[in-house]
Amino acid sequence: MTSRTPVTTPVNWARFAAAEPALAGTVEARFGAYTHHVLATLRKDGSPRTTGLEVRFLTGELWLGMMPGSVKALDLRRDPRFALQANPGDGTGMGGGDVRIAGRAIEVEDPAVKAGYVKEVEPPEPFHLFRTELTEVVRTSVEDDKYLVVEIWQPGEPLRTVRRA
């Protein structure tokens, strides 16, 4: 039996991209292909809630911006755990595969950080801004029209690839 030491240092997008640049590039491209994606948060009673969301990869971070007082922002303030699914696009082609990210969303209150985000993104103000700490990145794709390939990254672990016929 192997003992696993939990990773205690938060892993932002830059740390993930440095550890797994090929997977990070694929994931960014999938999220960049469409504007709107699906965010899953937890309601007060613990049941899941899914909502649409735009995301940004800037300054080594994966950012989640939201309208003031939005239910998803309130969900994340109460419980920061989230899952984010890239828009699969039109049809069933899913070029680049299906990608999802899970982690914790940390609300940003620092005016200088928010000002930097505003300068780059120009969101409607006011808004909630969350930076992310990653706990998992997964890409599922089809190889040679016969294998389902699942790539799974978690902090402190090597990238795992599972192929299923």
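Described in the following lines is the structure provided in the data block. (Residues numbered from 1 in each chain as written. Predicted model: local features only at pLDDT ≥ 70, side-chain atom pairs only at ≥ 80, totals over all residues. Heavy atoms only, no water.)

### Quick word on the nonpolar core
- Counting 25 residues, the largest nonpolar core has Phe16, Leu64, Leu84 and Ile101 as the members making the most contacts within it.
- Listed by contribution, the elements that provide at least two residues to this core are α1 (13–19), α2 (21–32), β4 (61–66), α3 (71–78), β5 (81–85), β6 (98–107) and β7 (128–143).
- The element contributing the most residues to this core is α2, with four residues.
- In contact with Leu84, other than residues within four places in its own chain, are Phe31, His37, Val38, Leu39, Leu53, Val55, Leu62, Leu64, Val99, Arg100 and Ile101.
- Of all hydrophobic cores here, the second largest spans seven residues; its members include Trp63, Val108, Phe127 and Leu129. (Core = buried A, V, L, I, M, F, W, Y, C linked by side-chain atoms within 4.5 Å. Buried < 20%, exposed > 50% of the residue type's maximum accessible area, 1.4 Å probe, protein only. Helix = DSSP H or I, 4+ residues; strand = E, 2+ residues; numbered from the N terminus. Contact = heavy atoms within 4.5 Å.)

### Overview of the packing of aromatic side chains
- Going through the model one piece at a time under the given rule, you end up with six aromatic pairs.
- The rings of Trp13, Phe16, Phe31, Phe57 and Trp153 are connected pair by pair, giving a single aromatic cluster. (Phe/Tyr/Trp six-rings, centres within 6.5 Å; stacked < 30°, edge-to-face > 60°.)

### A few points about the pairing of strand β2 (residues 48–53)
- Bridge analysis of strand β1 (residues 37–42) against β2 gives six bridges, and the strand direction is antiparallel. Counted as the bridge partner of Leu42 is Pro48 from β2.
- Connecting β1 to the antiparallel partner β2 that follows it, the hairpin turn spans five residues, and Gly46 within it adopts a positive phi of roughly 90°. (Pairing = 2+ DSSP bridges.)

### What about the pattern of salt bridges?
- Considering all chains together, one arrives at 10 salt bridges under this definition.
- Residue Arg81 pairs with Asp79 through a salt bridge whose shortest N-O separation is 2.7 Å.
- Accessibility expressed as a relative area gives 18% for Asp79, which makes it buried.
- With a closest N to O distance of 3.8 Å, Glu133 and Arg104 form a salt bridge. With Glu133 in strand β7 and Arg104 in strand β6, this residue pair connects regions lying 29 residues apart in the sequence.
- Among the charged side chains, a salt-bridge network with shared partners connects Arg49, Asp75 and Arg78. (Salt bridge = Lys/Arg side-chain N within 4 Å of Asp/Glu carboxyl O.)

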